[in-house]
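Chain and residue survey
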Amino acid sequence: MADHLRSEDGWLIHGDQQIAVEVDLGLFLPVSGLWGGVLCSLPQGLAGTLRDAEVRLRLENGEVRQIRLLAGLHESVAFLGGGTAPF
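The text that follows walks through the structure, step by step, so that each part is easy to find. (Residues numbered from 1 in each chain as written. Predicted model: local features only at pLDDT ≥ 70, side-chain atom pairs only at ≥ 80, totals over all residues. Heavy atoms only, no water.)

What follows covers the pattern of salt bridges. One pass over the full model with this rule turns up 2 salt bridges. Its salt-bridge partner being Arg6, residue Glu8 comes within 3.2 Å of it at the nearest N-O pair. Assessed through its relative accessible area of 35%, Arg6 is described here as partly exposed. We note a salt bridge from Arg65 to Glu63, for which the minimum N-O separation is 2.8 Å. (Salt bridge = Lys/Arg side-chain N within 4 Å of Asp/Glu carboxyl O. Buried < 20%, exposed > 50% of the residue type's maximum accessible area, 1.4 Å probe, protein only.)

Here it is in structure tokens:
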């Protein structure tokens, strides 16, 4: 994934809430298009409450994608993206 890694600012969208985050994005398997990354700078405890919720990610370029939060440590949490990679 390191060859395809990119970092940028983004917004985690849950309902009518938009939370500013730092995002490290990448393609896990370039041939399959499986993508995801790590959300950084999440407010403390937010990852646990959003793990089973419907969450979207809006990137600097305006692209919005559904994501699924995975395991996380403190203010960082890994995620898998839905649909085509937004980059």
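Below, the discussion takes up the pairing of strand S6 (residues 76–81). A one-sided burial pattern is seen for S6, the buried positions being Val77, Phe79 and Gly81 and the unburied ones Ser76, Ala78 and Leu80. Inspection of the sheet shows strand S3 (residues 34–40) paired to S6 by 4 bridges, in the antiparallel sense. Following the sheet pairing, Val38 is matched in S6 by Ala78. (Helix = DSSP H or I, 4+ residues; strand = E, 2+ residues; numbered from the N terminus. Pairing = 2+ DSSP bridges.)

Turning our attention to the side chain of Glu8. Mapped onto the elements, Glu8 comes out in strand S1 (residues 6–14). Polar contacts involving the side chain of Glu8 include one to the main-chain amide nitrogen of Glu60, which spans 3.2 Å. Apart from the residues lying within four places of it in its own chain, the contact partners of Glu8 are Val21, Glu22, Val23, Leu25, Leu59, Glu60 and Asn61. (Polar contact = N/O pair within 3.5 Å; in protein donor to acceptor, adjacent residues only side chain to side chain. Contact = heavy atoms within 4.5 Å.)

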